[in-house]
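Structural overview for review
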Amino acid sequence: MLHSQIVTALVELQEACGVADLKMSDYGIQKEECMTLAENARATMGGLFMSDPVQMTDEECAAIYEKSWR
């Protein structure tokens, strides 16, 4: 139950902040750039990746971008 409450709260927050309809494609980001974005995220914010209790590969990070892309 907690998972669905978190998702609901995040959706409500996106709507309240007026960002629910933002799309990466609106900013010219191509789906083919997901790996580049993942690599850049690690290169510029590597410390955040290191503090995550579950280690993530660049491929896993790129997959999140791919699933989020619209």
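Residues numbered from 1 in each chain as written. Predicted model: local features only at pLDDT ≥ 70, side-chain atom pairs only at ≥ 80, totals over all residues. Heavy atoms only, no water.

Helices and strands together make up the secondary structure of the protein chain, namely three helices and zero strands. Taken from the N to the C terminus, the helices and strands of the protein chain come in the order α-α-α. For the protein chain, the C-alpha radius of gyration of 14 Å lies well beyond 11 Å, the compact-globule estimate for 70 residues. Across its three principal directions, the C-alpha atoms of the protein chain cover 30 × 30 × 20 Å. For the protein chain, the residues scored as buried account for 10% of the 70 residues in total. Within the structure as shown, the protein chain displays about 5,600 Å² of accessible surface, and the carbon and sulfur contribution to it stands at 60%. Once the 5 positive and 12 negative side-chain charges of the protein chain are each reduced to a mean point, those two points are 4 Å apart. (Helix = DSSP H or I, 4+ residues; strand = E, 2+ residues; numbered from the N terminus. Rg over C-alpha atoms; globule rule 2.2 N^0.38 Å. Buried < 20%, exposed > 50% of the residue type's maximum accessible area, 1.4 Å probe, protein only. Areas by Shrake-Rupley, 256 points an atom, 1.4 Å probe, with all protein chains shown as cover. Lys, Arg positive; Asp, Glu negative; His and termini not counted. Charge placed at Lys NZ, Arg CZ, Asp CG, Glu CD.)

Turning our eyes to something else, we now look at the nonpolar core. Generally speaking, nonpolar side chains in soluble globular proteins are found buried as a group. Counting residues in hydrophobic clusters, the biggest one holds six residues: Cys34, Ala38, Ala41, Phe49, Cys61 and Ala62. Elements represented by at least two residues in this core include exactly helix 2 (34-51) and helix 3 (58-68). Looking at which element gives the most residues to this core, the answer is helix 2, with four residues. Sequence-distant contacts of Cys34, defined by excluding residues within four places in its chain, comprise Ala62, Tyr65 and Glu66. (Core = buried A, V, L, I, M, F, W, Y, C linked by side-chain atoms within 4.5 Å. Contact = heavy atoms within 4.5 Å.)

Right, let's talk about the confidence of the model for the protein chain for a bit. Note that predicted coordinates carrying low pLDDT should not be read in detail. Taken over all residues, the pLDDT of the protein chain has a mean of 93, while the share at 70 or more is 99%. No element of the protein chain has a lower mean pLDDT than helix 1 (residues 2-16), which averages 93, and none a higher one than helix 3, which averages 96. (pLDDT = per-residue confidence, 0-100.)

So, about the environment of Glu32. Assignment of secondary structure puts Glu32 in the loop between helix 1 and helix 2. Owing to a relative accessible area of 67%, Glu32 belongs among the exposed residues under this scheme. For the pair Glu32 and Leu13, spaced 19 residues apart in the sequence, the C-alpha separation amounts to 29 Å.

Moving on: the environment of Asn40. By secondary structure assignment, the location of Asn40 is in helix 2. Note: C-alpha distance between Asn40 and Ser51 (11 residues apart in sequence) is 17 Å.

On inspection of all chains with the given rule, the structure shows one salt bridge. Among the salt bridges present, the one from Asp58 reaches Arg42, with a minimum N-O distance of 2.6 Å. With Asp58 in helix 3 and Arg42 in helix 2, the pair connects residues that are 16 residues apart, well separated along the chain. (Salt bridge = Lys/Arg side-chain N within 4 Å of Asp/Glu carboxyl O.)

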